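# Structural description and commentary
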Amino acid sequence: MKQGNSASKVYLLHGAVIALLFALNFLLPEYHHGVLARVMVLAVFAMGYNLLFGYSGLLSLGHAMFFSAGLYGAGLTVSHLGWTMAAGFAAGLVSGALLALIIGVLALRTTGVAFMIVTMMFAQVFYLLTLYFAEWTRGDEGFVLTQNARRIDMGDLHFNLTDPATRYLAALFLFSVVLLATLAIVRSADGRVLVAIRENEERTRMLGYDTFANKLAAVVVSGVICAAAGAAYALLFGYVGSTFATVQYSILPLLWVLLGGAATTLGPLIGTLFMFYVVDITSGYTSAYLLIVGIALILLVLYFPKGILGTVRERWIRWLP
Amino acid sequence: MSFGPHLLLATLEGLVTSAVLALTALGLSLVFGVMRVVNVAHGEFFMLGAVLAWWIASLATGHPAIGFLLALGVSPLIVGAIALVAERLVLRRLDYNPEATIVATIGMLYIIQQLALTFYGPEARPVEAPFSYRILFPWFGYSGYKLSVIAFSAIMLLATLFVLTRTKIGLVMRATQYDSETAQAFGIPVGRVYAGVFALGAMLAAIAAVLIVPIQQAHYLMGLDPLLLSFIVVIIGGLGSLRGTVVAAVLIGLSDGIISVFFSPTLAKIIATMIVAMVLVFRPQGLFGTAAR
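Taking an unreviewed UniProt entry as the reference, chain B is identified by name as Branched-chain amino acid ABC transporter permease belonging to Mesorhizobium sp. WSM2240. Under the UniProt heading Subcellular location (unreviewed entry), the note attached to chain B is "Cell membrane". Of the comments in the UniProt record for chain B, the one headed Sequence similarities (unreviewed entry) reads "Belongs to the binding-protein-dependent transport system permease family. LivHM subfamily."

By the naming in an unreviewed UniProt entry, chain A goes by Branched-chain amino acid ABC transporter permease and is assigned to Mesorhizobium sp. WSM2240. Taken directly from UniProt, the Subcellular location (unreviewed entry) text for chain A runs: "Cell membrane".

Pasting the structure below:
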């Protein structure tokens, strides 16, 4: 009875968030409209990260690699092979999935600090590769997708991702799909196993669960979601560059998730939104935004380790997923 | 130049890299070994050492050696003091929880980097070498300063190893490393040992940085490469094994120097990073390490 009651509350809450974001499409002024589209795509990245870090307890410092696998998977195929956007997006997802599978099999042989360092090193290799193959990737400078490549005509339907409203709705669509998928995953039996692994891996194994297979699945799903964010970023904003593969882009999702609340479904959105606006507002006064990021990280980990939604859940709303 | 002299040049360059790398990595290894803290800000302490060295040297007038020696003496002390403050204010309050300290040191990394950019600026600036004597080989002349860097770094390494293995301070540190609770019970001030080790680790990085500034210039983004390379060295050498760290630094520095001369530097880095990731995956205790967690 109680279970059913809180389940309907949960779906109502997530539906309301999506409806609010949809309504904002018509209400927001141009600048904030653009910011929110970008935040939604990056929040997808953070949600993918959260699945691994928050729910499975695996601290990776290499997720920029999965994001940029999607970014380059979509960007390179669309730009150099002339693929359509849908095919490019699929290519991004496939590259993310394959990479996550390989890296997962290798990196999951280690645990704890070693896992963090191994993922960071594989990500660094990926970053260096984007520099090494500068002939196609154009390295740091990056490349821009042409206006034509970001337009689809299907009979009478015309999608033009350079148009702000279409871009916003496309971002919202991806965001909603991933949000509901994450919700379904963490409420499913497999999701509970991940939390059990986070809390006590040895005991979970003794209960008869194949913890390696579960963790590998988590890495792959997390990698695919992050790759989806990357591919969407390439197609929606039309820019692909190796900056997105640097260590910094592995650290940012960690920051967003910590701020919003690890192991909460809506935390990544709140964290990303909050951090984006903090940086946006402070950069009006000072160019020292890294300072803000650094201080935020330290203060969070010292005084606020559960993040915004984690604290809300602990104090007031116990049923928050 | 033919192959032989080319190889000699690559080896010398590699040895300079090894020498500086060994000092930096030793600092990281000490902090990880004794405190079980992965200090992601280690590269920024390195950068801070270099930037401060430029600042101190620019204040001094007269012969370049005066400014350099002043920098070599003062810069590590300032960096050590900053590390001490950071340890007291942040790491201790986190109770040295491994994951929380990683996030916190990432925060420190950003803060130090931004402060360096704000106060020092985006330019790369050199410190003049204390002397400019060139040693003439039959095929080329080689900077005497670079050779002295190798020598000085070797002396520093031996001194650190001596302190760790032969003195009371070293004994206290090793006792803390093996079992901090028992050490505490025997009256060792574990908190102070941790603070001291963290400061010492940062100072070793700063010394290495001062040595490199006359060769490489100081820049606010120069911390990332030494950080990654130090990780590599510490892992290959075996987490917590100091002798392994030194051997691995020589190995990595030499191969980096040689591959960079004969192939592209980016390719050299890709290969080195990939090999190390594989070592960590298939041999987590490192090449020389005893079983570590």
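### What about the UniProt feature "transmembrane region" (unreviewed entry) in chain B?
Residues and elements named next belong to chain B. Mapped onto the present numbering, the UniProt feature "transmembrane region" (unreviewed entry) falls at residues 15–38, 45–62, 68–90, 102–122, 142–164, 193–215, 227–254 and 261–282. From the first C-alpha to the last, residues 68–90 spans 32 Å; its make-up is 100% helix and 0% strand. For the annotated span residues 261–282, helix accounts for 91% and strand for 0% of the residues, and the straight-line distance between the end C-alpha atoms is 29 Å.

### Brief notes about the interface of chain B and chain A
Listed per partner, the contact involves 39 residues of chain B and 37 residues of chain A. Scanning the region where chain B abuts chain A turns up zero salt bridges. Run the count over chain B and chain A and you get two residue pairs in polar contact (both at pLDDT 80 or more). When contributions to the side of chain B that touches chain A are tallied by element, the ones reaching two or more residues are helix 3 (64–91), helix 4 (98–120), helix 9 (224–237) and helix 11 (265–282) of chain B. It is helix 4 of chain B that provides the largest number of residues to the side of chain B that touches chain A, a total of 15 residues.

### Some details on the pattern of salt bridges
Residue and element names in this part refer to chain B. For the structure shown, the criterion picks out seven salt bridges over all chains. Of the charged contacts, one joins Glu-13 and Lys-146 as a salt bridge, the two residues approaching to 2.8 Å between their closest N and O atoms. Of this pair, Glu-13 sits in helix 1 (residues 3–35) while Lys-146 sits in helix 5 (residues 144–166), placing them 133 residues apart in sequence. Among the residues examined, Glu-13 registers a relative accessible area of 29% and is labelled partly exposed. Among the residues examined, Lys-146 registers a relative accessible area of 16% and is labelled buried. In this structure, the salt-bridge partner of Arg-125 is Glu-123, at a minimum N-O distance of 3.0 Å.

### Structural notes on empty space enclosed by the protein
Summed over the entire model, instances satisfying the criterion amount to three cavities of 30 Å³ or more. Contributing to the lining of the largest cavity are Gln-124 and Leu-128 of chain A together with Asp-225, Leu-228, Leu-229, Ile-232, Asp-256, Lys-269, Ala-272 and Thr-273 of chain B. Every element with two or more residues in the lining of the largest cavity is listed here: helix 5 (112–132) of chain A together with helix 9 and helix 11 of chain B. Ranked by residues supplied to the lining of the largest cavity, first place goes to helix 9 of chain B with four residues. Within the lining of the largest cavity, the residues separate by chemical class into five nonpolar, two polar and three charged. Computed from the structure, the second largest cavity encloses a volume of approximately 70 Å³. What lines the second largest cavity is a set of eleven residues, and nearest its centre among them are Ile-117 of chain A together with Leu-28, Phe-32, Phe-231 and Val-234 of chain B. In terms of residue class, the lining of the second largest cavity is built from nine nonpolar, two polar and no charged.

### Focus on the UniProt feature "transmembrane region" (unreviewed entry) in chain A
All names here are of chain A. The UniProt feature table records "transmembrane region" (unreviewed entry) at residues 12–29, 35–52, 89–108, 115–134, 168–186, 216–239, 251–279 and 286–304. The span residues 12–29 shows a helical share of 89% and a strand share of 0%, and its end C-alpha atoms are spaced 27 Å apart. Between the C-alpha atoms that bound residues 216–239 there is a distance of 31 Å. The span itself is 92% helix and 4% strand.

### Some remarks on helix 5 of chain A
Helix length check: helix 5 of chain A, at 21 residues, gives a terminal C-alpha distance of 30 Å against a target of 30 Å (1.5 Å per residue), a fit within 8%. Counting buried positions along helix 5 of chain A yields 16 of 21 residues, so the element is predominantly enclosed.

### Concerning unusual backbone geometry
You will see that Arg-36 of chain B, though not glycine, has its phi angle at about 60 degrees, which is positive. With respect to the helices and strands, Arg-36 of chain B occurs in the loop between helix 1 and helix 2 (42–59).

### What about the packing of aromatic side chains?
Working definition: an aromatic ring pair is given by the centre-to-centre distance plus the angle between the planes. Counted by the stated rule, this structure contains 17 aromatic pairs over all chains. One aromatic cluster is present, formed by Phe-45, Phe-67, Tyr-233, Phe-237, Tyr-239, Phe-244, Tyr-249 and Trp-256 of chain A through successive ring pairs. Above the plane of the ring of Trp-54 of chain B lies Arg-125 of chain B, whose end atom (NZ or CZ) is 4.3 Å from the centre.

Conventions used here
Residues numbered from 1 in each chain as written. Chains lettered and ligands numbered in written order. Predicted model: local features only at pLDDT ≥ 70, side-chain atom pairs only at ≥ 80, totals over all residues. Heavy atoms only, no water. UniProt positions renumbered as here; feature names shortened; annotations may be inferred. Helix = DSSP H or I, 4+ residues; strand = E, 2+ residues; numbered from the N terminus. Contact = heavy atoms within 4.5 Å. Salt bridge = Lys/Arg side-chain N within 4 Å of Asp/Glu carboxyl O. Polar contact = N/O pair within 3.5 Å; in protein donor to acceptor, adjacent residues only side chain to side chain. Buried < 20%, exposed > 50% of the residue type's maximum accessible area, 1.4 Å probe, protein only. 1 Å grid on protein atoms, 1.4 Å probe; cavity = no way out; pocket = protein on both sides within 12 Å on 5 of 7 lines; lining within 4 Å. Points joined across faces, edges and corners; volume = space filled by probe spheres on them. Nonpolar A, V, L, I, M, F, W, Y, C, P; charged D, E, K, R; others polar. Expected span 1.5 Å × (residues − 1). Phe/Tyr/Trp six-rings, centres within 6.5 Å; stacked < 30°, edge-to-face > 60°. Lys NZ or Arg CZ within 6 Å of the ring centre and 35° of its normal.

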